[in-house]
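Examining the three-dimensional arrangement
Each chain, written out:
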Amino acid sequence: MNEHIIQNPHQIYDFIDTTVNKILSDLDKKSENEAVQGSKERVLKIVSSFKNQTLDNAISELKKNSEWDKLVIAFYGETNAGKSTLIEALRIYLGENVKIKNISKFNELKQKFSGLSVAKTRQIQENKEVCEMIELADGAIIGDGRPDFTRKSTSYEFDDFILIDLPGIEGSEEKVIGEILESVKRAHAVFYVTSSVTPPQKGEDNKKGTIEKIKEHLSDQSEVYVLFNKRINSHHQIKENLLNEGEQKSLLVIDEKMREIIGDSYASHKVVSAKIAFLGVAECLLEGSKAAQDRAKFLDKFDRNELIKRSNLDEFGLFLQNELAENAQKKIKKSNFYKANNILKQLIDILKDILCNNILPLKEMLAREYQDAKNNINTAFLSLKND
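The structure presented is a predicted model; accordingly, all values stated were derived computationally and were not measured. (Residues numbered from 1 in each chain as written. Predicted model: local features only at pLDDT ≥ 70, side-chain atom pairs only at ≥ 80, totals over all residues. Heavy atoms only, no water.)

**Structural notes on the overall build of the protein**
We count it as follows: Helix and strand assignments come from DSSP, with helices taken as H or I runs of at least 4 residues and strands as E runs of at least 2, each series counted from the N terminus. Relative accessibility under 20% of the residue-type maximum defines a buried residue, over 50% an exposed one, and the middle range a partly exposed one, all with a 1.4 Å probe and only protein chains included. In what follows, a contact means two residues having at least one pair of non-hydrogen atoms within 4.5 Å. Only the protein chains shown count as cover for residues, and all accessible areas are computed by the Shrake-Rupley method using a 1.4 Å probe.
Secondary structure assignment for the protein yields 14 helices and 6 strands. Within the protein, the fraction of its 387 residues that count as buried is 43%. Long-range contacts, defined as pairs at least 24 residues apart, comprise 75% of the intrachain contacts of the protein with a sequence gap of at least 6. Summed over all atoms, the accessible surface of the protein reaches about 21500 Å², with 48% contributed by carbon and sulfur.

Laid out in structure tokens, this is it:
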């Protein structure tokens, strides 16, 4: 069996580690040539430093966060961009297992407390069942406008994939950066959710902008999409086409900018209206709540199926189930190998630098010494011959 062929994809991390250890072992072998030995010691120090300071930790994190069995899709983006709203709509629309149970339990409790207004319901929150009903209501995971409502990454498991709702990349980001990075490392595909058709901007005054954050957070991803959340707050804004001509052109500019930032890892953009999608599918709402009132206003003008269609939820749901989930194993392998490959690229860059600064100069020096020795031998031989 060829030792360089990986029989199981999971072995990629051990393969990298074994390869680097083999390099270190070869470098540790002593040479009788003083110059060669000095060069080997310098190279050994550089490679050992990379292994101890970067490689070991990177491989450990990849092993810890890598998912091989089910496609993981992360929703990443600005605070209050609509990530949680869309995920809640997808949970209801696609029938996430936990959500199905929550709906059943909510309806059971709602019958028990029917007729209570949202204000009255909240007044009796000391009742455990009332508290449970509030927590089970559709939209309970949606932010309330505060910049840091979502502090923890939350996973929602469907039959064919896992969706992760990440904290926003704005607000008190230092409090949630660990959550963001760990979840992004676990993901095989990432949707950068934004409610703006303005391309990502650079930071100012030594503060990271969205461009710098995307580069830092998503550079190891093999498949990234922009997901534009079209904000609609009135039924008058709902048109036959979700996007107007100006928004369509702006999204093409965003496509170009994203390719500049992360290269071939960028796939394309998708479009939804998260709020309309949620109002179209939500059923378990507290009587008199803002969500219930908003839903009633929209349903007065459009039926449920029309809201789902106009919001693009049906098309986006099919994209997740068909194009992404049907190629899950291929995407999982590609994503995990891509992340491992980025570690190898760092090592290759170091080895290239070593080649230029250590090996080639040594080779040239040894070549000169060889030529000098050859010339001396030839001179001595000619001298002996003449004598």
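Having seen it, we continue.
**Side note on the pairing of strand S4 (residues 189-194)**
The side chains of a regular strand alternate between the sheet's two faces. To keep it simple, the criterion reads: Any two strands are treated as partners once DSSP identifies two or more bridges connecting them.
With 6 of 6 residues buried, S4 is to be regarded as a mostly interior element. Here S4 shows two buried faces, one formed by Ala189, Phe191 and Val193 and the other by Val190, Tyr192 and Thr194. Bridge count for strand S1 (residues 71-77) against S4 is 5 bridges, and the pairing is parallel. Pairing of Phe75 across the sheet is with Phe191, part of S4. By the bridge criterion, 5 bridges tie S4 to strand S5 (residues 224-229) in an arrangement that is parallel. Looking at S5, one finds that Thr194 is bridged to Phe228.

**Things to note about the pattern of salt bridges**
The cut-off we apply is this: By salt bridge we mean one thing: a side-chain nitrogen of Lys or Arg within 4 Å of a carboxyl oxygen of Asp or Glu.
A complete count under the given rule lists 26 salt bridges for this structure. A salt bridge links Lys29 to Asp26, with the nearest nitrogen and oxygen atoms 3.6 Å apart. Here the residues in one salt-bridge network are Glu88, Arg91, Glu96, Lys99 and Asp138, joined through shared partners.

**Side note on the nonpolar core**
For clarity, the threshold we go by: In this description, a nonpolar core means a group of buried Ala, Val, Leu, Ile, Met, Phe, Trp, Tyr and Cys residues linked to one another through side-chain atoms lying within 4.5 Å.
Of all hydrophobic cores here, the largest spans 90 residues; its most connected members are Phe75, Tyr76, Phe191, Met258 and Phe316. Here this core gets 8 residues from one element, more than from any other, and that element is helix H2 (residues 34-65). Among the nonpolar cores identified, the runner-up in size contains 10 residues, and Leu109, Val130, Met133 and Leu136 belong to it.

**Re the sheet that holds S1**
How we decide: Axis definition: a line fitted to C-alpha atoms, limited for helices to the stretch in contact. Angles are taken between N-to-C directions and run from 0 to 180 degrees.
In space, the 6 strands of this open sheet follow the order S2-S3-S1-S4-S5-S6, with mixed pairing throughout. Because the sheet does not close on itself, it has two edges, and the strands there are strand S2 (154-157) and strand S6 (266-272). Taking each pair of neighbouring strands and ignoring which way they run, the sheet shows an average axis angle of 25 degrees. Relative to strand S3 (residues 161-165), S1 is paired through 5 bridges, and the arrangement is parallel. By the bridge assignment, Leu71 is partnered in S3 with Phe161.

**Details of the side chain of Arg310**
The test is simple: Counting of polar contacts relies on pairs of N or O atoms within 3.5 Å, with two restrictions inside protein: one atom must be capable of donating a hydrogen and the other of accepting it, and residues adjacent in sequence are counted only when both atoms are side-chain atoms.
Mapped onto the secondary structure, Arg310 falls in helix H12 (residues 304-310). Overall, Arg310 belongs to the buried group, its relative accessible area being 18%. A distance of 3.5 Å separates the side chain of Arg310 from the side chain of Glu240, its partner in a polar contact. Here Arg310 is in contact with Ile238, Lys239, Glu240, Leu242 and Phe302, once residues within four sequence places are set aside.

**What to know about the pairing of S6**
The condition is simple: By convention, a crossover is right-handed whenever its connection, traced from the first strand over the helix to the second and viewed with the strands pointing away, goes clockwise.
Relative to S6, S5 is paired through 6 bridges, and the arrangement is parallel. What sits directly across from Val226, in S6, is His269. For the handedness criterion, the β-α-β arrangement of S5, helix H9 (residues 245-262) and S6 is classed as right-handed.

**Some details on the packing of aromatic side chains**
Selection criterion: Pairing of aromatic rings covers Phe, Tyr and Trp, the last through its six-membered ring, and needs centres within 6.5 Å; plane angles under 30 degrees mean stacked, over 60 mean edge-to-face, and all others mean tilted.
Across all of its chains, the model carries 11 aromatic pairs by this definition. Between Phe191 and Phe319, the ring centres sit 6.3 Å apart and the planes meet at 80 degrees, which makes this aromatic pair edge-to-face. Linking Phe191 in strand S4 with Phe319 in helix H13 (residues 313-324), this pair joins segments that are 128 residues apart in sequence. Of the aromatic side chains, those joined through ring pairs into one cluster are Phe75, Phe191, Tyr225, Phe316 and Phe319.

**Observations concerning the layout of surface pockets**
This is how it is decided: Within this scheme a cavity is a closed region of a 1 Å grid, computed over the protein atoms alone, that accommodates a 1.4 Å probe without allowing it to escape, whereas a pocket is open but has protein on both sides within 12 Å along at least five of seven lines; lining residues each have an atom within 4 Å of a point. Grid points are joined across faces, edges and corners, and a volume is the space filled by probe spheres set on the points. When residue character is reported, Ala, Val, Leu, Ile, Met, Phe, Trp, Tyr, Cys and Pro are called nonpolar, Asp, Glu, Lys and Arg charged, and the others, Gly included, polar.
Here the second largest pocket defines a volume of roughly 400 Å³. Considering the residues around the second largest pocket, the lining is formed by 18 residues, among which Ala58, Glu61, Leu62, Lys185 and Asp220 are closest to the centre. Of all elements in the fold, only H2, helix H7 (177-186), helix H8 (210-218) and helix H14 (328-386) reach the threshold of two or more residues within the lining of the second largest pocket. Element by element, the count of residues in the lining of the second largest pocket is highest for H2, at 6 residues. Partitioned by chemical class, the residues of the lining of the second largest pocket number 5 nonpolar, 8 polar and 5 charged.

**Here we look at the packing of H2 against H7**
As a reminder, the rule being used: Oblique is the label for any angle not covered by the other classes, which are roughly parallel (under 35 degrees), roughly antiparallel (over 145) and roughly perpendicular (65 to 115).
At their nearest, the axes of H2 and H7 sit 8 Å apart, and the two run at 70 degrees to each other. The angle between the axes of H2 and H7 places the two elements in the roughly perpendicular class. In this structure, H2 uses Glu61, Lys64 and Asn65 to contact H7, whose residues at the interface are Glu182, Lys185 and Arg186. When the residues that make up the contact of H2 with H7 are grouped by side-chain class, the tally is no nonpolar, 1 polar and 5 charged.

**Examining helix H3 (residues 83-94)**
The criterion, for reference: Here a helix's expected span is defined as the number of its residues, less one, multiplied by 1.5 Å.
Under the 1.5 Å per step criterion, the end-to-end length of H3 is 16 Å for 12 residues, consistent within 8% with the ideal 16 Å. Burial analysis of H3 places 11 of its 12 residues in the buried class, the great majority of the element. Looking only at H3, the buried set comprises Lys83, Ser84, Thr85, Leu86, Ile87, Glu88, Ala89, Leu90, Arg91, Ile92 and Leu94. Downstream of H3 by a residue or two, Gly95 has a phi angle that is positive, lying close to 70 degrees.

**What to know about the environment of Cys284**
Mapped onto the elements of the fold, Cys284 is located in the loop between helix H10 (274-281) and helix H11 (290-299). Note on Cys284: relative accessible area 1%, which makes it buried. Sequence separation between Cys284 and Ile103 is 181 residues, and the spatial gap between their C-alpha atoms is 6.6 Å.

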